[in-house]
Protein chains: 2
Amino acid sequence: MKRLGSQPDPDRRAPTMVDVAKLAEVSLATVSAVINDSAPVSADRKKRVLDAIRRVGYQTNAIARSLKTGSTKTIGLMIADITNPFFTAVIHSIQEVAYHHGYGVMLCCSDEDPEKERLHLRLMSDRMVDALIIATAGETPPLRALIDSRRKPVVLIDRLLDGVATDAVVIDNVAAARDAVRYLVSLGHRRIGLITGKSTLSTARERYQGYCQALAEAGIAIENALVGAARFGSADGYGAAMGLLSLAERPTAIFASNNLSGIGLMRGIKDSGLRCPADISVACFDDFEWADVFEPRLTTLVQPTRAIGAQAMAIVLEHLQDGGAQRSAARVVRMRAQLRIRDSCVMWPPPPGLST
Amino acid sequence: MKRLGSQPDPDRRAPTMVDVAKLAEVSLATVSAVINDSAPVSADRKKRVLDAIRRVGYQTNAIARSLKTGSTKTIGLMIADITNPFFTAVIHSIQEVAYHHGYGVMLCCSDEDPEKERLHLRLMSDRMVDALIIATAGETPPLRALIDSRRKPVVLIDRLLDGVATDAVVIDNVAAARDAVRYLVSLGHRRIGLITGKSTLSTARERYQGYCQALAEAGIAIENALVGAARFGSADGYGAAMGLLSLAERPTAIFASNNLSGIGLMRGIKDSGLRCPADISVACFDDFEWADVFEPRLTTLVQPTRAIGAQAMAIVLEHLQDGGAQRSAARVVRMRAQLRIRDSCVMWPPPPGLST
């Protein structure tokens, strides 16, 4: 620990309108009227207020403006896991659009915990954000109440809530998961494992549906033993993977329905002394920037992260600009994920003569 | 696009103290006095205000309290790149501590652009955050002015500013880089490349110093051609790597002084038709969660991301709680990174009989 020689200012409290009012010997209402130009104030009193503003170092700021306009020019952004590269890519996109429109972003992370999300929501409501963009960790009564109250625009991203009429930007998870599993089927796999997420999340449910549809199309029965429950994190993905890999008749391919559980799966394969793709094929949801420079190069479902963030912000801005007057109903925008085929899935059984 | 059948509230503007004052037919100062319990108000007028608060749906909120206290219970967090896992790990830690103390976090990302950082700082100052934690993209006059004004606590993380007396939490970058390069030297490497960052960043300068120290100790001359300039991103890391790899006498090992440039380096090695570690050894700054499950398993410098975030928040809270009164000078807390040896560095020249 190193000490630099300089004294901190003993009074760091930022000056407020109250300080201005005291020094100018006028009421708070008069200060507000001058700052917001909201009511006539005599030239003498106005001069006293302006002098006091300069002397106490008060700046006409967002807080004072908020009192008048009810707007903080801040978007609340609630995401489920900041260590998930899918979310950081979406955050980056939202932040960029917000910035270009003069909005700040207040970020909260629920760590996939609905209770934590509930408390964060209260924190954000208390801060009076103008609108919220939420990738929910799971429905709670306060979240539903917030949306139902329609007091401020709420746009859901990534995850929908059943029967809740609010705007949302998501992907077609059923189609995406179906694409990945169809691909595994096309390679000859019939014992295909799934690492799923909590059934309270629409993404987990829809990806499970896509998995089931692809198997049904191929006449393959769903086996519960091949569905490993996890919670979209790498540690629980690892646990689910270890369960699947230790089955007497283990799967020849596994589809991890989110990126962190995919990493847990790869760790499980390694710890089991197996090789991907020689012993087991892997496809997973969400791409990584590094996915094509390390081995095995993962086959992934690539989500349009930039477009998801931009679209969510576009809807928020539309609401904030027209006060909802132009809008007649909640929209659910569904985008498509793309299957990016690399090297982590191979034919099953391996063609004769092919070294594995 | 799907439409759900429900009408948005045509007037979504949140009720303000002004609305309360109008309905109660009292002054704004009276509303403020009731809400903040800051001045005596007659029982009759108090009842009118409380009734009006209920009728307009106004909630005693952070904005109103801010007027009185000058505090928003919000920490501004400026980071350089949200797609960098080092920063997301630190954000996660900061967010967690802030949450436990009832603070919200307003996050801004500068994308390693000092000009963007300058504009974001204005945005955050305008929102009147109580304190700032900043991983700067490079010094700008407004950042220096903000720190020098001492109007609110500023804690720098990851990156220091020369001669600026403010609290900071960083690691010993010289020692860390020296450790990594010493290790490469111990394996027999003498042509060791470096991918560095912008020289305006203390981390880039200090890591370069550590590289130079380790080479000097070993009696190896610094060759400018072996130092590839990048900007701590994967694309420019790739460019720097391609430069180093196309040298007539290319290095046998490269140290990437940040994680994203390490990914760029690995892509460059792949695109050059080389293999790591057989053809070239690689060590890089910052660990990845997936680093030990994909090949090659990278040798990295692991930063104490959780401790960095927690320490920065502890300093912020100390300032906010005691108003700086207990503190006599700015502190620079320096933590240590650990070299985690995996498989991406091998002996040079390869021992006879060892297959590469």
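Residues numbered from 1 in each chain as written. Chains lettered and ligands numbered in written order. Predicted model: local features only at pLDDT ≥ 70, side-chain atom pairs only at ≥ 80, totals over all residues. Heavy atoms only, no water.

1. Considering the overall build of chain A
And then number 1: If you tally the helices and strands in chain A, you get 12 helices and 13 strands.
And then number 2: Every one of the 356 residues in chain A was classed for burial, and the buried ones make up 59%.
And then number 3: Contacts in chain A between residues at least 24 apart in sequence constitute 70% of all its contacts with a sequence separation of at least 6.
And then number 4: Looking at chain A as shown, the accessible area adds up to about 13,600 Å², and 52% of this sits on carbon and sulfur atoms. (Helix = DSSP H or I, 4+ residues; strand = E, 2+ residues; numbered from the N terminus. Buried < 20%, exposed > 50% of the residue type's maximum accessible area, 1.4 Å probe, protein only. Contact = heavy atoms within 4.5 Å. Areas by Shrake-Rupley, 256 points an atom, 1.4 Å probe, with all protein chains shown as cover.)

2. A look at the sheet that holds strand E11 (residues 299-302) of chain B
By definition, the strands of a sheet pair up through backbone hydrogen bonds, in either a parallel or an antiparallel sense.
All names here are of chain B.
And then number 1: One open sheet holds the 6 strands; their spatial order is E8-E7-E9-E10-E11-E13, and the pairing between them is mixed. Each edge of the open sheet carries a strand with a single partner, namely strand E8 (227-229) and strand E13 (338-340). Shown here is a sheet whose adjacent strand axes are inclined to one another by a mean of 20 degrees, direction ignored.
And then number 2: Bridge analysis of strand E10 (residues 281-285) against E11 gives 3 bridges, and the strand direction is parallel. Within E11, the residue paired with Cys284 across the bridge is Thr300.
And then number 3: Of the strands in this sheet, strand E7 (192-196), strand E9 (253-256), E10, E11 and E13 touch helix H8 (residues 173-186), which is tilted by about 165 degrees from E9. (Pairing = 2+ DSSP bridges. Axes fitted to C-alpha atoms, helices over the stretch in contact; angles between N-to-C directions.)

3. Side note on the sheet that holds strand E8 (residues 227-229) of chain A
All names here are of chain A.
And then number 1: Strand order in the open sheet made by the 6 strands is E8-E7-E9-E10-E11-E13, with mixed pairing throughout. The two strands at the open ends of the sheet, each matched to only one other strand, are E8 and strand E13 (338-340). When strand polarity is set aside, the average angle formed by the axes of neighbouring strands in this sheet is 20 degrees.
And then number 2: Where strand E9 (residues 253-256) meets strand E10 (residues 281-285), 4 bridges bridge the pair, whose relative direction is parallel. Its bridge partner being in E10, Ala253 is matched across the sheet by Ser281.

4. Topic: helix H8 (residues 173-186) of chain A
Along an α-helix, residues three or four apart share an orientation, since each turn contains 3.6 residues.
All names here are of chain A.
And then number 1: For H8, built from 14 residues, the straight-helix expectation of 20 Å at 1.5 Å per residue is met to within 8% by its first-to-last C-alpha distance of 20 Å.
And then number 2: Looking at H8, one finds that the buried residues are Asn173, Val174, Ala175, Ala176, Ala177, Ala180, Val181, Tyr183 and Leu184.
And then number 3: The residue sitting at the N-terminus of H8 and contributing the capping side-chain oxygen is Asp172; that oxygen lies 3.4 Å from the backbone nitrogen of Val174.
And then number 4: Positive phi shows up at Gly188, right after H8, with a value of about 110 degrees. (Expected span 1.5 Å × (residues − 1). Polar contact = N/O pair within 3.5 Å; in protein donor to acceptor, adjacent residues only side chain to side chain.)

5. Some details on the confidence of the model for chain A
And then number 1: In this model, chain A carries an average pLDDT of 88, and 89% of its residues clear a pLDDT of 70 or more.
And then number 2: Taken together, the stretch residues 1-12 of chain A has pLDDT below 50 and engages in 35 contacts with residues farther than four places along the chain or on a different chain. (pLDDT = per-residue confidence, 0-100.)

6. A closer look at helix H10 (residues 234-245) of chain B
Residues and elements named next belong to chain B.
And then number 1: In this model H10 runs 16 Å from its N-terminal to its C-terminal C-alpha over 12 residues, within 8% of the 16 Å that 1.5 Å per residue would give.
And then number 2: Those residues of H10 that fall on the buried side of the exposure criterion are Ser234, Asp236, Gly237, Ala240, Ala241, Leu244 and Leu245.
And then number 3: Summarising the contacts, the buried residues of H10 are in contact with E7, E8, E9 and helix H11 (259-271).

7. A look at the nonpolar core
In a soluble, globular protein the nonpolar side chains are often hidden away together inside.
And then number 1: Counting residues in hydrophobic clusters, the biggest one holds 105 residues, and the most contacted among them are Ile133 and Phe255 of chain A together with Ile133 and Phe255 of chain B.
And then number 2: With 7 residues, the top contributor of residues to this core is helix H5 (residues 85-100) of chain A.
And then number 3: Setting aside its immediate chain neighbours within four residues, Ile133 of chain A contacts Ile75, Gly76, Leu77, Met78, Ile94, Val155, Ile157, Ala312, Met313 and Val316 of chain A.
And then number 4: With 46 residues, the next largest nonpolar core counts Ala240 and Ile263 of chain A together with Ala230 and Leu265 of chain B among its residues. (Core = buried A, V, L, I, M, F, W, Y, C linked by side-chain atoms within 4.5 Å.)

8. Things to note about unusual backbone geometry
And then number 1: In this structure, Pro277 of chain A follows Cys276 of chain A across a cis peptide bond, with omega equal to 10 degrees.
And then number 2: One can find Pro277 of chain A in the loop between helix H11 (259-271) and E10.
And then number 3: Here the residue pair Trp348 of chain B and Pro349 of chain B is connected by a cis peptide bond, since its omega of -10 degrees sits within 30 degrees of zero.
And then number 4: As for its position among the elements, Pro349 of chain B is in the segment after E13.

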